[in-house]
Amino acid sequence: MTGISAGKTWSRIGAEVAPTSSDASGVWQMQEVAENVGAGTWPTHVKGTMEYIAQYAADGTTGLFSFTSIPQKYRSLRIVMSQGKRVGSGSSIGMWFNSDSTSGNYGYAKMYGSTTNSAYTYGRSAGTISMGDCPTGNAADSQMWICDIANYSNASVGTMCQVWQGANQQGGYNTGLMGFGYSVASAITDIEINSAGYNPGALYNYDTPTLFTLFGIGLV
Amino acid sequence: MADFEIIAEGTLSSGASSISLTSIPQTYTHLEFQLSARGSVASSSTGSSNMRFNGDSGSNYGGVDGYVTSGTGGVEGYSLNALTQTYYTHPLALDNWAANIQGVTSWIIPNYTSTSFAKQLYRTGTVADTNSIYTLRFGSGGWDNTAAITQIDILEPSAGTEIMAQSSYWLAGWA
């Protein structure tokens, strides 16, 4: 059809310029896009963004969630726990990579405040990320944290993470920052979030409406 | 316009004295930058490198950090006047530390396109080598310049050293 071709300086619906390897500005009709894709001249580079990977919603029956077979196409991961609540009492929130519970492979430094107290600690242990435990009881109480896991898909190096956390717990507010490192050179393919801190398994269950959401950032 | 979009990213295939992000689009509201890196310095202290905006090496930067290093906590500020302190430190793992560990730092640089106000930023960074060195920092910084930020440079940890291979970074824009 006359007028339906790529790279024109005009078209029926707007000006066009020829697509480059990274851009296709202007207004394009479906046929023209298809024509360029077929010819291999449509830009193949897609900008990375923050993309949803998976989510778990707690229902009070489990204290252990595992993100498995994590896609290796992203540069970093971000996990968000929102409105975290627990059933019963227990230990800290733990995070392990690739089913590795070897304490010597993890190190952490954290600073936190709880009501009017503050503290900072450091050491070697299997990954625990809690500066304060998840609240229970009062309907208005909850905890949230964000954990960034940098360079996770690079099998040539270990993995370093940062956590920002805050909670409101019946007047016992707490907040903190934490970093922890995993020294095994490997890509992170599995992440376990539990409620037993340094230990395997679950010591309490997460309650509704707790959500654990995993995002991927960028593209390698 | 996406709400969150990667502007630039990469992994160093070999050591480099700097990482330069140039021609930053002015189409976003805020920037977020993350660096996971290791420096080719042998030291028992946490390493750091420097950040500059728009190639400005003048005495136009300042900042303050809260920190914890292996159980010792404190606060330290950075001069606005010393050229050698025109930086916002971030933790780096160093060459003689436990193998495989990198330091990770994240920056939020709000309102970076403004031409009316000096720039402020917020940063957190950490490195834990699983052996003996554990550092966590958080801080704010300022660049006393009203120019829009179009370039970010991460400079060598110290003269003659490098940001090592496999270091990784991404710069994103928030709508």
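Described below are features of the structure shown in this document.

About the cut-offs
- Residues numbered from 1 in each chain as written.
- Chains lettered and ligands numbered in written order.
- Predicted model: local features only at pLDDT ≥ 70, side-chain atom pairs only at ≥ 80, totals over all residues.
- Heavy atoms only, no water.
- Helix = DSSP H or I, 4+ residues; strand = E, 2+ residues; numbered from the N terminus.
- Contact = heavy atoms within 4.5 Å.
- Areas by Shrake-Rupley, 256 points an atom, 1.4 Å probe, with all protein chains shown as cover.
- Phe/Tyr/Trp six-rings, centres within 6.5 Å; stacked < 30°, edge-to-face > 60°.
- Buried < 20%, exposed > 50% of the residue type's maximum accessible area, 1.4 Å probe, protein only.
- Pairing = 2+ DSSP bridges.
- Axes fitted to C-alpha atoms, helices over the stretch in contact; angles between N-to-C directions.
- 1 Å grid on protein atoms, 1.4 Å probe; cavity = no way out; pocket = protein on both sides within 12 Å on 5 of 7 lines; lining within 4 Å.
- Points joined across faces, edges and corners; volume = space filled by probe spheres on them.
- Nonpolar A, V, L, I, M, F, W, Y, C, P; charged D, E, K, R; others polar.

1. Some thoughts on the overall build of chain B
Across its full length, chain B holds 0 helices and 12 strands. In chain B, once contacts between residues fewer than 6 apart in sequence are set aside, the share between residues at least 24 apart is 77%. Surface exposure of chain B reaches about 6,500 Å², of which carbon and sulfur atoms provide 48%.

2. Here's the deal with the packing of aromatic side chains
Residues and elements named next belong to chain A. Under the counting rule described, the total for this entry stands at 18 aromatic pairs over all chains. Note on F97 and Y106: the rings are 6.4 Å apart at their centroids and 35° apart in plane angle, and the pair reads as tilted. Here the two residues F97 and Y106 agree in accessibility, since each one is buried. Ring centres of F97 and Y182 lie 5.5 Å apart, and the angle between their planes is 70°; this geometry places the pair in the edge-to-face category. Here the residue F97 occupies a position in strand β4 (residues 94–97), and Y182 occupies one in strand β9 (residues 174–182), the gap between them amounting to 85 residues. Side by side, F97 and Y182 carry an identical accessibility label, which is buried. Taken together, the ring pairs in this structure connect Y56, F65, F67, W145, Y204, Y206 and F212 into an aromatic cluster.

3. A closer look at the pairing of β4(A)
Residues and elements named next belong to chain A. Residue alternation in β4 divides its side chains into two sets, G94 and W96 and M95 and F97, and both sets are buried. Pairing geometry for β4 and strand β10 (residues 191–194), over 4 bridges, is antiparallel. Counterpart to M95 in the pairing with β10 is I193.

4. A word on the sheet that holds strand β11 (residues 152–155) of chain B
Residues and elements named next belong to chain B. Reading across the sheet, the 3 strands line up as β2-β11-β4 and stay open at both edges, with antiparallel pairing between neighbours. Single-partner strands in this sheet number two, and they are β2 (18–21) and β4 (50–53). Here the strands of the sheet are splayed against their neighbours by 15° on average, with no regard to which way each runs. Alignment of β4 against β11, held across 4 bridges, turns out to be antiparallel.

5. Observations regarding the layout of surface pockets
In this model, the largest pocket occupies a volume close to 190 Å³. As for the largest pocket, its lining consists of M50(A), R78(A), I146(A), D148(A), W164(A), E32(B), S106(B), W107(B), I108(B), Y122(B), T124(B) and W174(B). If you list the elements that add at least two residues to the lining of the largest pocket, you get β7 (142–150) of chain A together with β8 (103–110) and β9 (119–128) of chain B. Examining the composition of the lining of the largest pocket, we find that 3 residues originate from one element, β8(B), more than from any other. Class assignment of the residues belonging to the lining of the largest pocket gives a composition of 7 nonpolar, 2 polar and 3 charged.

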